[in-house]
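What follows is the residue order along each chain.
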Amino acid sequence: AAMADFEAALSAPAVSRTDVLRAMASASADVENWKNLEVSAGRLRAADPSDAKALVWLAQALVKRGDFAEAQKEIPQARLRVAKLADPNERPELEAELAYWSAEMLRQRFEQVRIARPGVGEDKVVETKAKLLEAVEKEYTKVAQAGSGRWAIAALYEVGNAYSEFGDFLGTTSVPKEIGP
């Protein structure tokens, strides 16, 4: 019902189209409707190519929907446009958020690494996951250093989650005979 109201407002003569599209995108993000966020952020970007937040919302929607191929195309373009277009007071927040969504894709890849068959090739899988853990920590640390307290907290929270996930993962591996019970 809310989206229908937004659509109706788009055709109202006294209402700014970009204001309505921005409200649609914001509402979609608030209720975590990633498909609607992708659509409304895309429409906002088309209506006002200088709206840097539209680019960030689009990146968020793509990552949350798991469309990493598109997100990997959008995020670098969004970073360039945010650097050029964003209000200097908003820039650190938007840059940190883009860095967060980029790191989030890596974290999700990290979480997908699992032991397929216990005792078979575990060394390689553990090595792969350990390297991804380092990369995840590095990327989230960049977010934490970007100048936005809000995104720094979110990033450091995810670093803690990644280490917890790694500990749980190690619990699924075989104990080497040399140190076993």
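Counting restarts for each chain: residues are numbered from 1 in the order of the written sequence. Side-chain atom pairs in this predicted model are given and counted only at pLDDT of 80 or more, local residue features only at pLDDT of at least 70, and totals for whole chains, interfaces and linings cover all residues. Only hydrogens and water are removed before side-chain values are computed, so all heavy atoms of the structure are retained for them.

A.B. asks: Before we go on, may I ask you to explain the side chain of E97 in this structure?
C.D. replies: Within the secondary structure layout, E97 lies in helix α6 (residues 91-112). Under the scheme applied here, a residue whose accessible area is under 20% of the maximum for its type counts as buried, over 50% as exposed, and between as partly exposed, the area being computed with a 1.4 Å probe on protein chains only. Overall, E97 belongs to the buried group, its relative accessible area being 3%. Residues are treated as being in contact if the distance between any of their heavy atoms lies within 4.5 Å. Look past the residues within four positions of E97 in its chain and what remains in contact with it is K53, V56, Q60 and W151. Secondary structure elements are defined from DSSP: runs of H or I of at least 4 residues count as helices, runs of E of at least 2 residues count as strands, and each element is numbered from the N terminus.

A.B. asks: What exactly am I supposed to notice about the packing of aromatic side chains here?
C.D. replies: A ring pair, where both rings are aromatic, is described by two values, the distance of the centres and the angle of the planes. Pairing of aromatic side chains here covers Phe, Tyr and the six-membered ring of Trp, requires ring centres within 6.5 Å, and sorts the geometry by plane angle: under 30 degrees stacked, over 60 edge-to-face, intermediate tilted. Across all of its chains, the model carries five aromatic pairs by this definition. Judged by centre distance (5.0 Å) and plane angle (50°), the rings of Y100 and W151 are tilted. In this pair, Y100 is assigned in helix α6 and W151 in helix α8 (residues 149-170), connecting sequence segments 51 residues apart. Here Y100 falls in the buried class, since its relative accessible area comes to 8%. Two conditions define a charge sitting above a ring: the NZ of Lys or the CZ of Arg must be within 6 Å of the ring centre, and it must be within 35 degrees of the ring normal. The ring of F110 has K129 sitting right over it, with the charged end atom 4.3 Å from the ring centre. Directly above the ring of F169 sits K129, whose terminal nitrogen or CZ lies 5.0 Å from the centroid.

A.B. asks: Help me understand the packing of α6 against α8 in this model?
C.D. replies: Think of two packed helices as two axes; the pair is described by the angle between the axes and how far apart they sit. Lines fitted to C-alpha atoms define the axes here, with helix axes fitted over just the stretch in contact, and angles between the N-to-C directions of these axes take values from 0 to 180 degrees. Where α6 contacts α8, the two axes come as close as 10 Å, and the packing angle between them is 10°. Taken together, the axis directions place α6 and α8 in an arrangement best described as roughly parallel. Of the residues in α8, those touching α6 at E93, A96, E97, Y100, W101, E104, R107, F110 and E111 are R150, W151, A154, A155, E158, A162, E165 and F166. Throughout, the ten residues Ala, Val, Leu, Ile, Met, Phe, Trp, Tyr, Cys and Pro are labelled nonpolar, Asp, Glu, Lys and Arg are labelled charged, and all others, Gly among them, are labelled polar. Of the residues assigned to the contact of α6 with α8, the class counts are nine nonpolar, no polar and eight charged. Throughout this description, any angle smaller than 35 degrees is read as roughly parallel, any larger than 145 degrees as roughly antiparallel, any in the 65 to 115 degree range as roughly perpendicular, and the remainder as oblique.

A.B. asks: Help me understand the nonpolar core in this model?
C.D. replies: Looking at soluble globular proteins, one finds that nonpolar side chains tend to be buried together. Note on terminology: a nonpolar core comprises buried Ala, Val, Leu, Ile, Met, Phe, Trp, Tyr and Cys residues joined through side-chain atoms within 4.5 Å. By size, the foremost hydrophobic cluster in this structure holds 46 residues, and its most contacted members are L37, W57, I75, F110 and Y140. Within the residue set of this core, elements represented by two or more residues are α2 (17-30), α3 (34-47), α4 (52-64), α5 (68-85), α6, α7 (122-144) and α8. Ignoring anything within four residues of it in the chain, the contact list for L37 reads A25, S28, A29, G42, W57, Q60 and A61.

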